[in-house]
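Observations on chain architecture
Given next are the chains, with one letter for each unit.
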Amino acid sequence: LLSQRWQFILYQSKAPNAFVHGMLPRRIFVANGLLNPSMLCANDDELAMVLAHELAHTILDHTGHTLETAYMVAAIQLVLLTALDP
């Protein structure tokens, strides 16, 4: 997994945020608001810490568990809505 190519995607947002998503593997999204020195990442070391944190989510498959839970909830909702539909 670590030897594969990764993409870091910078997007416009004032919110200091970074995330990974299970449906878009090997991509780390970073809001430009995170790069504001008065927010969270005042230097390269702090940015590296945030990126490593997001990378760890992917390596530990935290995004997969979240996605599985979302699918399970959607399936339960579908069953309930079908059962309750007159």
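Computed from a predicted structure; not experimentally measured. In this numbering scheme, every chain counts its residues from 1 along its sequence in written order. Local features in this predicted model are restricted to residues whose pLDDT is 70 or higher, and side-chain atom pairs enter the listing and the counts only when it is 80 or higher, whereas totals over whole chains, interfaces and linings include all residues. The side-chain quantities take in all heavy atoms of the structure and omit both hydrogens and water.

This paragraph deals with the overall build of the chain. Counting its secondary structure elements, the chain contains two helices and three strands. The linear arrangement of helices and strands in the chain, starting from the amino end, is β-β-β-α-α. Counting every position in the chain, which comprises 86 residues, the buried fraction comes to 17%. Contacts are assigned to residue pairs that have any heavy atoms within 4.5 Å of one another. Restricting to contacts in the chain with at least 6 residues of sequence separation, those with at least 24 account for 29%. Here a helix means four or more residues in a row that DSSP labels H or I, a strand means two or more in a row labelled E, and each is numbered from the N terminus. Per-residue accessibility, obtained with a 1.4 Å probe over protein chains only, is compared with the maximum for each type, and a residue is labelled buried under 20%, exposed over 50%, and partly exposed between these values.

A separate point is a nonpolar patch on the surface. Two joining distances apply to patches: 9 Å for like charges and 5 Å for nonpolar side chains (Val, Leu, Ile, Met, Phe, Trp, Tyr), and every residue must have over 30% relative accessible area and no salt bridge. To measure how exposed things are, a 1.4 Å probe is used in the Shrake-Rupley method; for residues, cover is taken only from the protein chains shown. The term salt bridge refers to a side-chain nitrogen of Lys or Arg lying within 4 Å of a carboxyl oxygen of Asp or Glu. Together, Met72, Ile76, Leu80 and Leu84 give the surface a local cluster of nonpolar side chains, amounting to about 450 Å² of exposed area. Position of Ile76 among the secondary structure elements: in helix H2 (residues 62-84).

A few words now on the packing of aromatic side chains. Where two aromatic rings form a pair, the distance of their centres and the angle of their planes describe that pair. Centres within 6.5 Å make a pair out of two Phe, Tyr or Trp rings, where for Trp the six-membered ring is used; the pair is then stacked when the planes are under 30 degrees apart, edge-to-face when over 60, and tilted otherwise. Under the definition given, this model contains two aromatic pairs. A centroid spacing of 5.9 Å and a plane angle of 65° characterise the contact between Tyr11 and Phe19, whose relative ring orientation is edge-to-face. Between Phe19 and Phe29, the aromatic rings sit 4.9 Å apart at their centres with planes inclined by 10°, giving stacked as the arrangement. Highlighted residues: Phe19 in strand E2 (residues 18-21) and Phe29 in strand E3 (residues 24-31), separated in sequence by ten residues. The class of Phe29 is buried, set by a relative accessible area of 13%.

Here we take up the nonpolar core. Side-chain atoms within 4.5 Å are what join buried Ala, Val, Leu, Ile, Met, Phe, Trp, Tyr and Cys residues into a set we call a nonpolar core. Formed by Trp6, Ala18, Val20, Ile28, Val30, Leu34, Cys41 and Val50, the largest nonpolar core amounts to eight residues. Those elements giving two or more residues to this core turn out to be E2 and E3.

Detailed reading of predicted coordinates is not advised where the pLDDT is low. One number per residue, pLDDT, summarises how confident the predictor is, and it ranges from 0 to 100. Chain-level statistics for the chain give a pLDDT mean of 82 and a share of 87% at 70 or above. Model confidence for the chain, summarised as mean pLDDT per element, is weakest for H2 at 73 and strongest for strand E1 (residues 7-11) at 94.

Once that is clear, we can look at unusual backbone geometry. Backbone geometry places Arg26, a non-glycine residue, at a positive phi of 60°. Along the chain, the position of Arg26 falls in strand E3. Taking relative accessible area as the criterion, Arg26 reaches 31% and is therefore assigned partly exposed.

Taken in spatial order, the three strands make up an open sheet running E1-E3-E2, and their pairing is mixed. The open sheet is flanked by E1 and E2, the only strands paired with a single partner. In this sheet, neighbouring strand axes are inclined to one another by 25° on average, regardless of whether the strands run parallel or antiparallel. As judged from the three bridges shared by E2 and E3, these two strands associate in the antiparallel manner. Looking across to E3, one finds that His21 is bridged to Leu24. When DSSP locates at least two bridges between a pair of strands, those strands are taken to pair. Orientation is described by lines fitted to C-alpha atoms, with helices fitted over the stretch in contact, and by angles between N-to-C directions that extend from 0 to 180 degrees.

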